[in-house]
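A closer look at the structure
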Amino acid sequence: MKIKSLSIFLALGLGFSFNSFSQNIKVRIFSDQTITHATIRSSFGRYSLSLDNNSPITITKTSKVDIKSKDQKVEVKINDSLYGCFNNIVFNKEGLRSFFQIETNIKSLTRRYDDNLIVNSDNKGLRLINNIETENYIAGVVQAETWGATKNVDFFKIQAICVRNYIMMNIAKHKKDGYQMCDAVHCQAYKGRANQPEVIEGAYNSKGEIIVDINGNIIETLFHSNSGGQTVSSEDVWGKPFSHLVGKIDSFSVGLKAYAWEKYIPLKDWQRYFKEKEVNVKDDSIKNELLNFSQNEGRKKEMLGVSLVQIRKDFNLRSTFFSCQEWGSEVKLNGKGYGHGVGLSQEGAIKMCDEGFEYWQVIEHYYTGAKIKRIDEDKLLGEN
Ligand SMILES: [Zn+2]
């Protein structure tokens with residue numbers, strides 16, 4: 001089916017039942033930091049501030065709100081006047097589009113966030129929860145992950161869908177904590193609002209879209225920087241097979257920025273390492289393999305019985321996809337790719353988008369048998 005007709009099909013078939021309103025998601029911010037006090041200002045738009053059950057106070061762009069953790073409550077000052085201590089404060093946007101700035105006791109952590117903020121306090125300090133439109137959160141995560149790599153909206157759509165899959169599969173992770181995601185790597189790194197227009201467009205244009213496998217089940221959308229020209233099966237890295245994470249030739253990643261790498265390792269260290277792994281390094285044929293190991297014909301899983309995943313970890317290599325040769329008193333590793341190599345290659349995906357492939361074709365290339373599925377957003381966030 002040609003691409004355009006597919007989107008028409010989606011619009012006619014499923015589009016009408018799709019809820020166009022965004023649902024909010026609660027994301028704990030600064031979750032791995034101890035925040036004792038912070039200053040909040042509106043960066044764009046007006047806010048209202050609710051202090052427990054008191055009537056809301058309007059916060060304009062010139063207002064400054066200081067909050068401080070005190071006896072498991074939140075002390076609030078507005079423009080330097082003390083308002084008291086409260087259990088729960090809510091900083092709500094009044095317009096459609098607003099974002100705020102927050103400065104904390106950790107000096108390097110001034111950040112901007114979209115939408116709303118809920119604050120309370122426990123015995124460790126302030127608990128800051130960004131109550132944010134899901135697509136704005138997704139855009140923030142994508143921007144934290146993609147280092148402004150491209151301006152191609154289709155690529156950001158793909159990344160946004162991967163983030164959405166993650167949310168849906170992990171929505172209950174913090175249920176007992178009173179929010180849905182944290183902003184650390186425990187969930188997905190999130191460092192504030194996205195400001196790259198293409199990233200925001202990618203999140204909103206893919207609204208309600210997730211990726212499912214051949215049986216219609218939502219999948220884990222693993223990705224890495226560059227496959228080196230061949231992706232890896234999940235079972236070769238983690239021992240668990242998935243129908244959509246099957247190694248395949250990936251010519252799109254060849255020759256790009258993170259495609260090739262080199263590393264020199266002292267010959268002695270290299271030999272000692274394999275000796276410690278109980279490889280008989282004195283045997284001539286083994287010695288030859290030790291210095292001439294090659295993956296030029298394709299990826300292998302092990303070298304002299306030692307898993308390449310382990311070797312990568314122990315020598316801190318960019319990938320497991322390397323060949324080696326003797327180089328004076330050293331061993332030279334010629335490597336390809338960056339990352340575990342499972343699933344989607346980010347650089348390869350950008351290349352495919354730039355070459356005119358549709359975003360769903362890129363998804364089908366990297367996730368074997370996978371398809372896009374549209375869902376209502378209330379299904380995404382469940383009953384949380
Ligand atoms: Zn988390």
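Residues numbered from 1 in each chain as written. Predicted model: local features only at pLDDT ≥ 70, side-chain atom pairs only at ≥ 80, totals over all residues. Heavy atoms only, no water.

What follows is about the domain arrangement of the protein chain. Partitioning the protein chain into structural domains gives domain 1 (24–133), domain 2 (135–224 + 344–381) and domain 3 (260–336). Just the C-alpha atoms count here: the centres of domain 2 and domain 3 sit 35 Å apart. (Domains from an automatic or database assignment.)

On to the coordination of the zinc ion. Of the protein atoms, only His174 (NE2), Cys182 (SG), His186 (ND1) and Cys187 (SG) coordinate the zinc ion, at distances of 2.0 to 2.3 Å. Here the zinc ion is ringed by four donor atoms whose angles at the metal span 101 to 115°, and the overall shape comes out tetrahedral. Expressed as a motif, the donor residue spacing for the zinc ion is H-x7-C-x3-H-C. Exposure remark for Cys187: the relative accessible area of 7% places this residue in the buried category. (Donors = N, O, S within 2.8 Å, 3.2 Å for Na, K, Ca; no water. Tetrahedral: all angles 85-135°; square planar, octahedral: opposite > 155°, others 65-115°. Buried < 20%, exposed > 50% of the residue type's maximum accessible area, 1.4 Å probe, protein only.)

Next up on the list: helix α6 (residues 267–276). Burial in α6 covers these residues: Leu267, Trp270, Tyr273 and Phe274. Projected down its long axis, α6 shows its buried positions confined to an angular sector of 130°, all on one face. What points out from α6, more than 90 degrees from its buried face, is the exposed set Lys268, Lys275 and Glu276. Directly beyond the C-terminal end of α6, a positive phi value near 65° is found at Glu278. (Helix = DSSP H or I, 4+ residues; strand = E, 2+ residues; numbered from the N terminus. Arc of directions from axis to C-beta.)

This part takes up the nonpolar core. Core analysis: the largest hydrophobic core is formed by 79 residues, its most contacted members being Ile67, Val76, Leu128 and Ile167. Considering each element in turn, this core owes the most residues, eight residues, to helix α3 (residues 153–170). Each of domain 1 (24–133) and domain 2 (135–224 + 344–381) contributes no fewer than three residues to this core. For Ile67, the residues in contact, after removing those within four places along its chain, are Thr36, His37, Ala38, Ile40, Val74, Glu75, Val76, Ile89, Val119, Leu126 and Leu128. Counting 22 residues, the second-largest nonpolar core is a separate cluster that includes Ile265, Tyr273, Val279 and Phe293. (Core = buried A, V, L, I, M, F, W, Y, C linked by side-chain atoms within 4.5 Å. Contact = heavy atoms within 4.5 Å.)

In spatial order, the strands read β7-β6-β5-β2-β9-β10; together these six strands make up an open sheet with antiparallel pairing. Edge positions in the sheet fall to β7 (81–86) and β10 (111–114), since each has one partner strand and no second. The sheet shows a mean angle of 25° between the axes of neighbouring strands, taken without regard to direction. Bridge analysis of strand β2 (residues 37–44) against strand β5 (residues 65–70) gives four bridges, and the strand direction is antiparallel. Directly across from Ile40, in β5, lies its bridge partner Val65. (Pairing = 2+ DSSP bridges. Axes fitted to C-alpha atoms, helices over the stretch in contact; angles between N-to-C directions.)

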